[in-house]
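As a plain string of letters, each chain reads:
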Amino acid sequence: MISTKARYALRVLIDLAQHPQDEYVPLKDIAARQEISEKYLEIILKILVKNKLLKGLRGKGGGYQLTKSPKEYIIGEIIELTEGPLVSVACLMPDAEPCSRKEHCVTLPLWKKFDQLAHDFFFHITLEDLINGTF
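Read on for an overview of the structure.

Reading the values: rules and limits
- Residues numbered from 1 in each chain as written.
- Predicted model: local features only at pLDDT ≥ 70, side-chain atom pairs only at ≥ 80, totals over all residues.
- Heavy atoms only, no water.
- Axes fitted to C-alpha atoms, helices over the stretch in contact; angles between N-to-C directions.
- Helix = DSSP H or I, 4+ residues; strand = E, 2+ residues; numbered from the N terminus.
- Parallel < 35°, antiparallel > 145°, perpendicular 65-115°, else oblique.
- Left-handed = near helix turned anticlockwise from the far one by under 90°.
- Contact = heavy atoms within 4.5 Å.
- Nonpolar A, V, L, I, M, F, W, Y, C, P; charged D, E, K, R; others polar.
- Buried < 20%, exposed > 50% of the residue type's maximum accessible area, 1.4 Å probe, protein only.
- Pairing = 2+ DSSP bridges.

Digging into the packing of helix H1 (residues 4-17) against helix H4 (residues 75-83)
Between H1 and H4, the shortest axis-to-axis distance is 8 Å and the interhelical angle comes to 135°. One element, H1, and the other, H4, form an angle in the oblique class. Seen from above, H1 lies across H4 with right-handed handedness. Between H1, through Lys-5, Ala-6, Ala-9, Leu-10 and Leu-13, and H4, the contact on the second element is made entirely by Ile-75, Ile-78, Ile-79, Thr-82 and Glu-83. Its residues assigned to classes, the contact of H1 with H4 shows 7 nonpolar, 1 polar and 2 charged.

Let's talk about the packing of H1 against helix H2 (residues 27-34)
For any two helices packed against each other, one specifies the crossing angle of their axes together with the interaxial distance. Contact pair H1 / H2: the axes reach a minimum separation of 10 Å and the direction vectors enclose 115°. In terms of their interaxial angle, H1 and H2 are classed as roughly perpendicular. For the pair H1 and H2, the crossing hand works out as right-handed. Along its contact with H1, which presents Arg-11, Val-12, Asp-15 and Leu-16, the element H2 presents Ile-30, Arg-33 and Gln-34. Split into classes, the residues belonging to the contact of H1 with H2 amount to 3 nonpolar, 1 polar and 3 charged.

Topic: unusual backbone geometry
The phi torsion at Glu-35 lies on the positive side, around 55°, for a residue other than glycine. Mapped onto the secondary structure, Glu-35 falls in the loop between H2 and helix H3 (38-50). Although it is not a glycine, Lys-52 adopts a positive phi angle of roughly 65°. Inspection of the secondary structure assignment puts Lys-52 in the loop between H3 and strand S1 (54-57). You can call Lys-52 exposed: its relative accessible area is 62%.

Section: the pairing of S1
Pairing analysis gives 4 bridges linking S1 to strand S2 (residues 63-66), with the strands arranged antiparallel. Pairing of Gly-56 across the sheet is with Tyr-64, part of S2.

Here it is as structure tokens:
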């Protein structure tokens, strides 16, 4: 299940993409439009700024703006940034303990294929695709 953090991150990025690229958009304006609490939005924005998806400017005239064009934001990257790896079962996590059943697990190919389908789906859609409804 995709959490609110990832869903809200996408909404924030879409909101910012719908403003001129050279304009900083205040947090309170984004929060009001997206109906997200400012406190929770700050947490999400901090992650996005830290990972250079956004830049922020404090003070009067400050706010947030995208660091690149909407076509350069990959939805899968945004989801994984806020959620962690997109995997269906714990044994496929990058840092998972080796599974003693791996060699004999009949369901492992199923989970791998499912994860590949999800990966391919989310990693082939950009923010621009979402905005334009072309995915």
